[in-house]
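As a plain string of letters, each chain reads:
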Amino acid sequence: MIRKIIQINEEKCNGCGLCASACHEGAIGMVNGKARLLRADYCDGLGDCLPACPTGAITFIEREAAAYDAEAVRKNMESKTSSPAVPESDSTPGSAPSRLSNWPIEIKLSPVTAPCFEGASLLVAADCTAYAYARFHEDFIKGRVTLVGCPKLDGIDYSEKLTEIIRQNEIRDVTIVRMEVPCCGGLENAVKNALRGSGKLIPSQVVTISIDGKILDR
């Protein structure tokens, strides 16, 4: 049948995944870092995903497509919301909750502007810090919008992207968490360059984590 359905421009897609989160029916998924319409019969044509896309990669078109299958969507949503058995060790008193409040968290996948940035305390952390420092969620992620990256692994300079994030949003303060290893200097320098390049006076601090998981300075 010919009906209205979404179309995703892969060249415009930055892989942030916000459209997949906004699609309540589960029609959209991430494949090789790009958003894809996985099930045409799950797409109701209402377009909740359109305003979620920061790059304008999603549009409506009319084409031959399978009819919207409300029953299949209902069963799919039920399968996702059914609660699996939780191991006893995970439900004991004192289990630590996640403090993550935003997604995506990778610098290279993050949109430049997003509601979560407005009035936020921004955490820019090296990938390894969350593994090295045991209380990372409680001491650093809690109460902050989190961005993570590794300039050595990604092979890019985050300065330009971070400059635009700081310039185009009302960031309250910035915390940089890095490892003591020299390659983390690239992340620290990128954030400092971004703070200068934004033209704003924003409080910032640098926290260095040792390879054995201790805070070296603050």
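Our structure's up above, just so we're on the same page.
Residues numbered from 1 in each chain as written. Predicted model: local features only at pLDDT ≥ 70, side-chain atom pairs only at ≥ 80, totals over all residues. Heavy atoms only, no water.

Asker: Which parts of the structure should I look at to understand the overall build of the chain?
Answerer: For the chain, the count of helices and strands is seven helices and nine strands. Each principal axis of the C-alpha atoms in the chain carries an extent, and together these give about 65 × 50 × 30 Å. Per-residue burial over the chain gives 39% buried out of 218 residues. When contacts within the chain are restricted to residue pairs at least 6 apart in sequence, those whose partners lie at least 24 apart make up 73%. (Helix = DSSP H or I, 4+ residues; strand = E, 2+ residues; numbered from the N terminus. Buried < 20%, exposed > 50% of the residue type's maximum accessible area, 1.4 Å probe, protein only. Contact = heavy atoms within 4.5 Å.)

Asker: What exactly am I supposed to notice about the nonpolar core here?
Answerer: In a soluble, globular protein the nonpolar side chains are often hidden away together inside. Ranked by size, the top nonpolar core spans 35 residues in total, and within it Phe117, Leu122, Phe136, Phe140, Leu162, Val174 and Val177 carry the most contacts. When residues no more than four places from it in sequence are discounted, the contact partners of Leu162 are Ile107, Leu147, Ala190, Val191 and Ala194. Residues Cys19, Ala27, Ile58 and Ala65 belong to the second largest nonpolar core, which totals 18 residues. (Core = buried A, V, L, I, M, F, W, Y, C linked by side-chain atoms within 4.5 Å.)

Asker: Is there a simple way to think about the packing of aromatic side chains in this case?
Answerer: Each aromatic ring pair is specified by the distance between its two centres and by the angle formed by the two planes. According to the stated counting rule, one finds two aromatic pairs in the structure shown. An aromatic cluster is defined as three or more aromatic residues linked by ring pairs; in this entry it consists of Tyr133, Phe136 and Phe140. (Phe/Tyr/Trp six-rings, centres within 6.5 Å; stacked < 30°, edge-to-face > 60°.)

Asker: Teacher, can you tell me more about the environment of Leu122 here?
Answerer: When you line up the elements, Leu122 lands in strand β5 (residues 121-126). When the C-alpha atoms of Leu122 and Arg178 are compared, they prove to be 14 Å apart, with 56 residues separating the residues in sequence. The residues contacting Leu122, other than those within four sequence positions of it, are Phe117, Val145, Leu147, Ile171, Asp173, Val174 and Thr175.

Asker: What am I meant to see in the packing of helix α6 (residues 159-168) against helix α7 (residues 185-198) here?
Answerer: For any two helices packed against each other, one specifies the inter-axial angle together with the distance between the axes. In the contact formed by α6 and α7, the axes pass within 8 Å of each other and the chain directions differ by 45°. Considering their axes alone, α6 and α7 lie oblique with respect to each other. The hand of the α6/α7 crossing is right-handed. From α6, Ser159, Leu162, Thr163, Ile166 and Arg167 reach across to α7, where they touch Ala190, Val191, Asn193, Ala194, Leu195, Gly197 and Ser198. (Axes fitted to C-alpha atoms, helices over the stretch in contact; angles between N-to-C directions. Parallel < 35°, antiparallel > 145°, perpendicular 65-115°, else oblique. Left-handed = near helix turned anticlockwise from the far one by under 90°.)

Asker: When you look at the pairing of strand β2 (residues 28-31) in this model, what are you seeing that I'm missing?
Answerer: Looking along a regular strand, one sees side chains alternate from face to face of the sheet. As paired elements, β2 and strand β3 (residues 34-37) share four bridges and run antiparallel to each other. When the sheet's bridge partners are listed, Gly29 is paired in β3 with Arg36. (Pairing = 2+ DSSP bridges.)

Asker: So what exactly am I meant to see when it comes to unusual backbone geometry here?
Answerer: Trans is the common state for peptide bonds, and a negative phi is the common state for residues other than glycine. The step from Trp103 to Pro104 runs through a cis peptide bond, and the omega angle for that step is 0°. Relative to the helices and strands, Pro104 resides in the loop between α2 (70-81) and β5.

Asker: Looking at this structure, how should I read the pairing of strand β8 (residues 204-209)?
Answerer: Note that strand β7 (residues 173-179) and β8 share six bridges and pair parallel. Bridge pairing in β8 places Val177 opposite Val207. Traced from β7 through α7 to β8, the parallel crossover comes out right-handed. (Right-handed = clockwise from strand over helix to strand, strands pointing away.)

Asker: What should I look at first to understand the side chain of Arg178 in this one?
Answerer: Here Arg178 lies in strand β7. A distance of 3.0 Å separates the side chain of Arg178 from the backbone oxygen of Val181, its partner in a polar contact. Aside from chain neighbours lying at most four places away, what touches Arg178 is Ala126, Thr129, Cys184, Gly185, Glu188, Val206, Val207, Thr208 and Ile209. (Polar contact = N/O pair within 3.5 Å; in protein donor to acceptor, adjacent residues only side chain to side chain.)

Asker: What is the right way to read the environment of His137 from this model?
Answerer: Within the secondary structure, His137 sits in helix α4 (residues 136-141). Counting along the chain gives 40 residues from His137 to Pro97, while the straight-line C-alpha distance between them is 8.4 Å.

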